[in-house]
Amino acid sequence: MAADTRRRVAVLGAGLIGIDLVDRIHRSANLDLVLVAGRGRNSLGLHRVAELGYRTAAGGIGSVVEAGPFDVVFDATSADSHAEHWAALRPTGATLIDLTPTDLGTVVVPGVSPHYPVACRHLNLVSCGGQAAIPVLHAVSRHCTPTYVEVVSTGAAASAGRATRQNLDQYIATTSAAIRTFTGTRDVKVMVNLSPARPAPPFRVAITVLADGFSPAHIRTGIAAIADTVRGYAPGFEVTSLAMGSGRISVAVQVATSGRRLPHHAGSVDIINAAAVLLAEQSAATL
């Protein structure tokens with residue numbers, strides 16, 4: 001794709017998520033990174049982005065609107081700020097890809113809903129735990145009717161920045177709601193653990209489903225198929241265990257990093273960023 005036909009994109013936020021997005025966009029033939037905006041002039045992340053040769057600004061959403069218009073904007077800030085960002089960008093015609101755990105926009109999980117309506121310009125990626133668990137849960141729910149779903153995400157404390165820690169309540173609420181939407185299950189429990197262990201552990205998600213009358217063979221085949229689909233855009237995704245008993249299905253998932261600038265334990269960042277860039281590239285393919 002010629003440079004003048006690439007999608008003009010901006011990244012809001014220059015933390016671990018934002019820096020990895022910069023690297024992924026840099027490697028994309030379809031996306032042209034025009035601006036990375038943060039809120040602090042002394043931000044280490046913005047300095048790193050500037051060293052990579054990209055334009056930066058410290059005016060947050062105001063800087064993005066001023067430098068626009070953009071085809072795609074990635075919001076890698078916080079749930080508390082996201083509504084303001086959408087309100088500012090909506091009149092501009094940009095597609096906003098939300099990497100914060102809000103309950104706004106059209107919920108998209110690429111492994112489950114790969115063909116979202118092109119007209120949708122406000123895309124909600126739920127959470128890192130949602131991106132890891134929902135494909136598996138959707139595959140399971142195609143072969144049985146779950147009466148209870150439990151998802152426990154464990155990530156390294158070192159990979160959780162200030163915004164992530166401040167948004168844990170929203171993370172749990174948004175992930176729970178998305179699981180209900182994709183599985184039809186009303187009784188859902190979501191938990192999050194931030195491990196301070198050294199060395200830092202990889203990102204893991206433990207999934208428990210209670211259901212009756214399922215075929216173990218169908219469940220096993222369905223999970224294997226969806227895992228292959230997710231690995232198509234997040235190569236580090238792996239189902240590490242699957243156990244089935246009387247009325248119970250237990251699945252463990254681990255996500256290793258594939259981004260070149262991510263520490264090994266930041267699989268949570270890897271899977272949601274992989275999904276975000278995939279959506280932006282799919283948007284570019286519609287040109």
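Residues numbered from 1 in each chain as written. Predicted model: local features only at pLDDT ≥ 70, side-chain atom pairs only at ≥ 80, totals over all residues. Heavy atoms only, no water.

## Some details on the nonpolar core
- The biggest cluster of nonpolar side chains holds 67 residues, and the ones touching the most others in it are Leu 21, Phe 74, Ile 97, Ile 207 and Phe 237.
- With nine residues, the top contributor of residues to this core is helix 9 (residues 267–285).
- For Phe 237, the contacting residues outside a window of four places in its chain are Ala 132, Val 136, Ala 227, Val 230, Arg 231, Val 253, Gln 254, Val 255 and Ile 271.
- Within the second largest apolar cluster, 15 residues are counted, among which are Ala 37, Val 64, Ala 67 and Ala 94. (Core = buried A, V, L, I, M, F, W, Y, C linked by side-chain atoms within 4.5 Å. Buried < 20%, exposed > 50% of the residue type's maximum accessible area, 1.4 Å probe, protein only. Helix = DSSP H or I, 4+ residues; strand = E, 2+ residues; numbered from the N terminus. Contact = heavy atoms within 4.5 Å.)

## Quick word on the environment of Gln 170
- With respect to the helices, strands and loops of the structure, Gln 170 is situated in helix 7 (residues 168–183).
- We classify Gln 170 as partly exposed; its relative accessible area is 23%.
- Taking the C-alpha atoms as reference points, Gln 170 and Ala 276, 106 residues apart in sequence, are found 19 Å from one another.
- Beyond its immediate sequence surroundings of up to four residues, Gln 170 is in contact with Ala 79, Asp 80 and Pro 101.

## A word on the sheet that holds strand 5 (residues 95–98)
- One open sheet holds the seven strands; their spatial order is 3-2-1-4-5-7-6, and the pairing between them is parallel. The sheet is open, and its two edges are formed by strand 3 (56–57) and strand 6 (106–107), each paired on a single side.
- The sheet contact formed by strand 6 and strand 7 (residues 122–124) spans two bridges and is parallel. Following the sheet pairing, Val 107 is matched in strand 7 by Asn 124. (Pairing = 2+ DSSP bridges.)

## What about the pairing of strand 2 (residues 31–37)?
- Of all seven residues that make up strand 2, six are buried, and the element is covered over most of its length.
- Relative to strand 2, strand 1 (residues 7–12) runs parallel, the two being bridged by six bridges. When the sheet's bridge partners are listed, Val 9 is paired in strand 2 with Leu 33.
- Handedness of the strand 1-helix 1 (residues 16–26)-strand 2 crossover: right-handed.
- Pairing between strand 2 and strand 3: two bridges, direction parallel. Paired with Val 36 across the two strands is Thr 56, which belongs to strand 3. (Right-handed = clockwise from strand over helix to strand, strands pointing away.)

## Some points on helix 2 (residues 44–51)
- When helix 2 is considered as a whole, its buried residues turn out to be Gly 45, Leu 46 and Val 49. Take helix 2 and look down its axis: the buried residues cluster within an arc of 95°, on one side only. Exposed residues on helix 2 whose side chains face more than 90 degrees from its buried face are Leu 44 and Glu 51.
- The residue sitting at the N-terminus of helix 2 and contributing the capping side-chain oxygen is Ser 43; that oxygen lies 3.2 Å from the backbone nitrogen of Gly 45. (Arc of directions from axis to C-beta. Polar contact = N/O pair within 3.5 Å; in protein donor to acceptor, adjacent residues only side chain to side chain.)

## Concerning the packing of helix 5 (residues 128–141) against helix 7
- Packing of helix 5 against helix 7 leaves a shortest axis separation of 9 Å and a crossing angle of 20°. In terms of orientation, helix 5 and helix 7 fall into the roughly parallel class. The handedness of the crossing between helix 5 and helix 7 comes out as right-handed. Counting all contacts with helix 5, which are made through Cys 128, Gly 129, Gly 130, Ile 134, Leu 137, His 138 and Ser 141, the residues of helix 7 involved are Tyr 171, Thr 175, Ala 178, Ile 179, Phe 182 and Thr 183.
- Of the residues assigned to the contact of helix 5 with helix 7, the class counts are seven nonpolar, six polar and no charged. (Axes fitted to C-alpha atoms, helices over the stretch in contact; angles between N-to-C directions. Parallel < 35°, antiparallel > 145°, perpendicular 65-115°, else oblique. Left-handed = near helix turned anticlockwise from the far one by under 90°. Nonpolar A, V, L, I, M, F, W, Y, C, P; charged D, E, K, R; others polar.)

## A word on the packing of aromatic side chains
- This model, assessed by the stated rule, comprises zero aromatic pairs.
- In this structure, Arg 8 packs its charged tip against the face of Phe 70, placed 5.1 Å from the ring centre. (Phe/Tyr/Trp six-rings, centres within 6.5 Å; stacked < 30°, edge-to-face > 60°. Lys NZ or Arg CZ within 6 Å of the ring centre and 35° of its normal.)

## Structural notes on the pattern of salt bridges
- Following the criterion strictly, the structure yields six salt bridges and no others.
- Between Asp 20 and Arg 24 there is a salt bridge, with the nearest N and O atoms lying 2.5 Å from each other. Here Asp 20 pairs with Arg 24, and both are found in helix 1, just four residues apart, close to one helical turn. Across the pair, exposure class does not vary: Asp 20 and Arg 24 are buried alike. (Salt bridge = Lys/Arg side-chain N within 4 Å of Asp/Glu carboxyl O.)

## Considering the environment of Thr 183
- Mapped onto the elements of the fold, Thr 183 is located in helix 7.
- Filtering out sequence-adjacent residues up to four positions away, Thr 183 remains in contact with Leu 137, His 138 and Ser 141.
- Of note is the side chain of Thr 183, whose polar atom sits 2.7 Å from the backbone oxygen of Ile 179.
- Only 3.0 Å separates the side chain of Thr 183 from the side chain of Thr 185, close enough to count as a polar contact.

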